[in-house]
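Chain residues, written in single-letter form:
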Amino acid sequence: MSVEPYGADEESAAVLRTVGRVIKMCRERAGLTQAALGAQIGYSEEQVSSVERGRRAPMEEFLDAADRVLEADGLISALKGDVEKARFPKKVRDLAKLEAEAVEICAYDNSVVNGLLQTEEYLRAVFDSRRPAFSEDEVDQLVAARLARQRIVEGTPPCTAFSFVHDEAALRRRVGGKMVLRRQLERLLDVGQRRNVEIQVLPLDREDNAGLGGPFHLLRLREGSTVAHNEVQRTSRLISERKEIQILELRYGVIRAQALPPRESLAFIEKILGET
């Protein structure tokens, strides 16, 4: 998914500019320069300046530290929710909103582990591998967005059902190196024990694979409709046309039938882990 700079999304940019003005007002009231504030909260003068100008979305640690040092009585810390929503582009926010409204999420992946299941070090390695390379700010933005979306899987009590099918190739690809992959496989084994999560593996020795066309998500919403999400190279799109949804639903059903059952899949993942 391509990254929009903060200014490309006016809604996000407006929020970040407001947050920056609040921090600047509190800093000036406290009689501190940007360099002095940065030194006290562990950030550079340039980072403080970028936040105050609305060019950088501050991390929670930044906001909490600034609130404490500037004696803002919770005013700055209270901005964390607004910053989290503004941290990533509108199309990512829209996807996260749909995921939060879904009663069931189904996903097929054949290149890397599904984003909702990735460990932080694995997903960072995924973004670091992109060419042309993302900037550090863009990687941080994408990592924060992905981690925020993952909260739906960790939610309790489980109100959303998840079905993930991974091609074996996605589980063997050493994204980030051997140890990063091992910890990622351990994460899959852990999440696969949850009552609302089913993880399946489509082995490479299967002669039939209905998912050769690439990865996709199906989101079945509470009000009864289904939408799909498809992400390929620099294209990310939501699909709501009923005919296209029917094709993807049929395809996903075939993929699940071709894959190993959930219990056998977890055993298969354990086997891959032992070989990694």
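Nothing here was measured: the structure is a model prediction, and the numbers come from that model.

A. Structural context of the pattern of salt bridges. Tallied over the entire structure, the rule returns 16 salt bridges. Among the salt bridges present, the one from Glu-52 reaches Arg-27, with a minimum N-O distance of 2.6 Å. Here Arg-27 lies in helix α1 (residues 10–29) and Glu-52 lies in helix α3 (residues 45–52), a separation of 25 residues in the sequence. We classify Arg-27 as buried; its relative accessible area is 7%. Residues joined in a network through salt bridges with shared partners are Glu-104, Arg-220, Arg-242 and Glu-249.

B. Up close: the side chain of Glu-168. Assignment of secondary structure puts Glu-168 in helix α9 (residues 168–172). Given a relative accessible area of 8%, Glu-168 falls into the buried group. A polar atom in the side chain of Glu-168 sits 2.8 Å from the backbone nitrogen of Leu-204.

C. Representation of the sheet that holds strand β3 (residues 197–202). Taken in spatial order, the six strands line up as β3-β2-β1-β4-β5-β6 in an open sheet, and their pairing is mixed. Looking at strand neighbours, the two that pair on one side only are β3 and β6 (235–239), the edges of this open sheet. Sheet twist, expressed as the average angle between the axes of neighbouring strands with direction ignored, equals 10°. Here strand β2 (residues 161–167) pairs with β3 via six bridges, running parallel. Note that in β3 the partner of His-166 across the bridge is Val-201.

D. Quick look at the side chain of Asn-114. Among the secondary structure elements, Asn-114 is positioned in the loop between β1 (102–109) and α7 (120–128). When near neighbours in sequence (up to four residues on either side) are disregarded, Asn-114 contacts Ala-107, Asp-109, Phe-164, His-166 and His-217.

Criteria and cut-off values
Residues numbered from 1 in each chain as written. Predicted model: local features only at pLDDT ≥ 70, side-chain atom pairs only at ≥ 80, totals over all residues. Heavy atoms only, no water. Salt bridge = Lys/Arg side-chain N within 4 Å of Asp/Glu carboxyl O. Helix = DSSP H or I, 4+ residues; strand = E, 2+ residues; numbered from the N terminus. Buried < 20%, exposed > 50% of the residue type's maximum accessible area, 1.4 Å probe, protein only. Polar contact = N/O pair within 3.5 Å; in protein donor to acceptor, adjacent residues only side chain to side chain. Pairing = 2+ DSSP bridges. Axes fitted to C-alpha atoms, helices over the stretch in contact; angles between N-to-C directions. Contact = heavy atoms within 4.5 Å.

That's the geometry; what it means functionally is another story.
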